[in-house]
Structures are given as structure tokens and as C-alpha cells.
Amino acid sequence: MEVDKGKGEAEETRKVAEADRDTVTLKSSDGKLFEVSKEAAARLSTVLAGMIAGGSIDDNGTDLKQIGSEALENVVDYCNKHANSIPSAALISSSISFNTAPFKEPEEWERKFVDRLSHDALFDLVEAANFLGMERLLDVTCHKISEMMKGKSPDQIREVFNIKNDYTKEELEEIRQELAWAFYDD
Amino acid sequence: MARRRKPCRDWSTGLPPELLGLVLHHLPCLIDRVYFACVCRAWRSAAKDEAPPRQLPWLVMPSPGKTSFFAQQTGCTHHLRLPEGIRGARLCGSHDGGWVAAAGEAWGGYAAVNIISGVQVPLPNRISFFHPFTVRGNGCRCKHPMLLRTVTFSAAPTSANCIAAAHIASVCNIAFCRPGMDEHWLTLSQELRAIEDIIYCRSLPQQGFYALRDTEDLVVYAAANAVAISNKSTPLVMSFVHHRFEKRVDYSLNRPGSSVSRYLVESRGKLLMVLREYSMRAMKRCTRVFRIFEMAEALPHGQAKASWVELHELQGRALFLGRGSSRAVEVSQFSGLQEGVIYYLDDACFDISLVVGSGGKFSSSDMGLYSMAMNKRLTRGEAGRFPRRFASECSPPLWLPI
């Protein structure tokens, strides 16, 4: 009885503490824990905002089984950096209507943030941002990926992303005929 | 910088199509989209669902060897494979959808060619005009060679109601034809006043070809038999209306050592006249100032003349200036554009000796960006990667609307 009562009290205290805390704890697929500003998480991720509002945040670490520790670290890093940078109204509104409004260029720190990532880390981060409904991060990462393609030939793009050419010779010839203007031969 | 480790993730099929679609949204240039789709099947099928992006006019830099184009939206220069018939030709006009007018020779070989599809439509090489004095004493229609300066199209050259207007050097200076239909260019009465620019206006109350004279008056040409022009057996008849303008206060302002060139641009349902002042320095043109005027219709209370009203800013627009092919674009609809900027080429005057002389070299050095807000040419640093000079054996550069 004593134990149970104590447990109940502890549960109560924990819940109160959880509500008061200004960070949330996230747990990666491989069991690592990360703390992130609650305000930034709610502002930048529609999924986390929903979880916070719905009270489904676990103090011992909310399980994010789809996201590996490296990607989650980057997500958390991005949120915390975002919390520290002054959020401009324009930035927030552009991330909401990103499909119609012209893309707002990445800010200097966002550019640096994605520039230091390896190709694989970038891949994982795009997936994580997509899973967590982080539109601005998705925009910034997809912009970075597009930057890696601009001005490059299909061969060069395949080289950058280590993609196997799965077209047959005939199909490629057909494409080159159809889009002759875009293919220069000596 | 990204580490130079070979990626292990499956970039081809590992990303869901909606994420590939998002990446595509960040590729505003058509050629990047084409190359994206060529990478692998999965990327091609993701690209299929995306509407092609609106393009800013490409700056085509023709050369008998490798032709290239500069895309303002990305700041990248790409090779452009021209259809065989026009490699080494002089390009002297363009139209929406990748159309150019080409001159294969100095005095002929004229054609409208689509750079994207490769479709070619022949244009006549000679004008037909009425000669009032002949040996027999009565006038007759004569055929005469002509030199194409600039061609403007009213519609895609393959469409049945397309009319081409040519600014020419011959016994007159303006001529019309239906591409692929007429054997000769039609001329009207001998038009001898200097023409500065000819454009086709769609959104003005009076549709037609607007020709700007050096007096800053306009002549508007339209088909007199608009309904019948798609019928080959009906000859093309053009009618025209003169619009006289009240002289601007500083019209005759011709400062020593300074010349003026004028362009027409249609924008937001209005007609703009762009004034370009330049001087010659060591045989090279050097643009100093641009000024912009908007056509104001004649006032209702008895004033018969229209007038040019100066605009001091472009109000959210940018201009791509080129003889017969200028266009205004809304800056908010494109990435990579600077507001209030005029993108200009070295076409302030037409050098006939380059075209008729053999072995001439088309050399452009007076091209760049001009900011209306700052009232100055942008420096190399401010203008990004826009080409500052271009030289070719066959043709000056040209704006190509895609």
C-alpha cells in the first residue's frame, strides 16, 4: 500500500514537473536521449506540437522509432539553433506556405548547418524532417539537395549521389532524341 | 562542406516521390529538371507529376561551335544544342515557347525555328513592293532583296494566324508576312522614318505591331482582314494607325557625345518606352542611363495627342531588354531576380557592316544590369554571374522566352 501510494504521488509530481519543464526528451531508434526546447519543437514540428498538446510526451524519452540517433541529434541541434536565432515573422510564414510562396533563402546559419552534413546524414535528416512535419527544415534540406544538382549533367548527378543508371541504352537514346536541345555532343 | 565519402543511402528509390517533388521545386531551370529526370527511372516518374517551371528568358549566346545559354534563375551557363539548320546562323528575333528567327546568310536563309522541338518554318527572303516608275511608264510590283534586322511574331510561327513583322534594311524599313505561307514580305507605302523598335502587343486595347519611331511617335499595324489571314489564297493586307505623341519637354536633349536608343515593352496592360543613353568610348558603346516612360492615352478634353509619362521606378518588376523581344516580369514570381533591374544587351545600335561584311565578329561588351533604384549600372560583384561580354563569329546574344 505504502509503495503504491508513493508511486502515485511520484507520478503526480512527475506530471506536474513535465508540464512545467521547458524542454522535452526525445528517444532515437537506437535508444539515445536528446533534450530539445519545448517551444522550438512545438513551433517547428507539427508532429511534436501535436504530441505536446495531446500530452503524449514521455518524460523518460518520447520514442521516435523511425529516427536514428545521428539524424535526431541534427533535428535537435536545428531546433535549438532555431530557438536561439531571432525568429522572423517572414520565416515562419514562409515555412507555412512553402508550396505556393517563393522559397525564402536559407539564413546564414541554416546554410552552414546543412553544408557540414555528409550526403547520408542529409538523406536521414530529410526523412526525419518529413516524419516530424518540419516544413522549414524540409525546405532547407531539399534546397541543399537541389544545390548539389544545379548545373550538373545526369552523369555528374549520378556520381554525386552514387545512383546507378537503370535506363537501357535504347531508352537513353530515346530521351536524348526527344530532348535534343539539352544534350550537347561534340 | 560535405565529406567526400561515397553515399550509402539509396538516393534513387529511397526517397518518397513527394520529397523528390520538393527537391524539384528548388530547381527553377528547365534544363536542371530535364537532367534530374534523366538520372534514373524513379526520379523520372517523380518529375513527371511536376508542372514545368516558368522560365525567365534565357540569354542565348550563339556560336558556330558551341552555343550556350545563361539562366538568370540559377546563375548557371549550359550548352544548348541548336537544331542543325541554324547552327552558325545569326539569330534576330524570338517568341514564347522557344522560337527564334534565324538568318542563315547575310541576305537570306531566313526561318523561324523552335529550339526545343526543332520545328522549322521558312520565312521569305525578299520583299514585294510597288514601284511607281518603270520603263513602260506604269508602276508594277517588284521583288527586292532585304536584310533582316529584327523579327517579331504575333503568335507561334506554326499557328495559322501568325504574322511576322520584320525591321529591315532595304528600300523600306518594315515588312510583314505569314510564316510558312507567303512567298514575299509585304511592304506598305515606303516608310522611311527611322524605326527604333517593333513589338507585338496583346494586352493593349488595340492589338497589333507597335513600331516606335525616333520621333517617339508610334505606328500600330494590324491585319486588315484578320478573319481571312489563315487562308493562303487570300493575300495579307495590313492597315496602320499613326499615334502622334506630345513632345517630351527634354526630347531634343542631345548632349554632345551622347546618343539615345529606344525600346518598347508591354507590361501590366500598358506600353512602356525605355530610353537608353550611351556614349562612345574608344569605339565601344558605354551605357550611362536608362529612363522609363509609360504611354498615357490622349486626354479626353480635346487634346488629340498621347504622351509619354516618366516612371522613376519599376514597381516590383524587372525588364529584359532586347530589340523586338523585350519583356517585363513580376519579380515576386521568380527566384534569383533583382527588383527594379534592367537586364540589357549590347544592341543599342545595329551594325550593318557586321552582317554584310565577311569574317566580322559580333562583339558585345555593353551588356549587364542597371538598377533603376540606384540609377546606376551594377558592378560585377552586384550583378552575379550575368555575362559581361560575349563575342561570336555568327550572332549577337539574344533573349529566348521558353
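Keep in mind it's a predicted model, so treat the numbers as computed, not measured.

The rules behind the values
- Residues numbered from 1 in each chain as written.
- Chains lettered and ligands numbered in written order.
- Predicted model: local features only at pLDDT ≥ 70, side-chain atom pairs only at ≥ 80, totals over all residues.
- Heavy atoms only, no water.
- Pairing = 2+ DSSP bridges.
- Helix = DSSP H or I, 4+ residues; strand = E, 2+ residues; numbered from the N terminus.
- Axes fitted to C-alpha atoms, helices over the stretch in contact; angles between N-to-C directions.
- UniProt positions renumbered as here; feature names shortened; annotations may be inferred.
- Parallel < 35°, antiparallel > 145°, perpendicular 65-115°, else oblique.
- Left-handed = near helix turned anticlockwise from the far one by under 90°.
- Contact = heavy atoms within 4.5 Å.
- Nonpolar A, V, L, I, M, F, W, Y, C, P; charged D, E, K, R; others polar.

1. Some points on the sheet that holds strand β2 (residues 68-71) of chain B
All names here are of chain B. What the 4 strands build is an open sheet, ordered β3-β2-β1-β29; its pairing is antiparallel. With partners counted over all chains shown, the strands left at the sheet margins are β3 (76-79) and β29 (398-400), one partner each. Neighbouring strand axes in the sheet, compared pairwise and without regard to direction, differ in orientation by 30° on average. In terms of strand pairing, strand β1 (residues 58-61) meets β2 through 3 bridges, oriented antiparallel. Opposite Met61, over in β2, you have Ser68 as the bridge partner.

2. Considering the UniProt feature "domain: F-box" (unreviewed entry) in chain B
Taking the UniProt record as the reference, the feature "domain: F-box" (unreviewed entry) is found at residues 15-56 of chain B. In residues 15-56 of chain B, the share of helix is 64% and the share of strand is 0%. The end C-alpha atoms are 30 Å apart.

3. Remarks on the packing of helix α8 (residues 135-147) of chain A against helix α1 (residues 17-25) of chain B
Where α8(A) meets α1(B), the closest approach of the two axes is 8 Å, and the angle between their N-to-C directions is 70°. Classified by the angle between their axes, α8(A) and α1(B) sit roughly perpendicular to one another. The two elements α8(A) and α1(B) cross, and the hand of that crossing is right-handed. Contacts between α8(A) and α1(B) involve Leu138(A), Asp139(A), Cys142(A), Ile145(A) and Ser146(A) on the former and, on the latter, Leu19(B), Leu22(B) and Val23(B). In terms of residue class, the contact of α8(A) with α1(B) is made up of 6 nonpolar, 1 polar and 1 charged.

4. A look at the UniProt feature "domain: SKP1 component dimerisation" (unreviewed entry) in chain A
Under the local residue numbering, the UniProt record ascribes the feature "domain: SKP1 component dimerisation" (unreviewed entry) to residues 136-182 of chain A. With 64% helix and 0% strand, residues 136-182 of chain A has its two end C-alpha atoms placed 32 Å apart.

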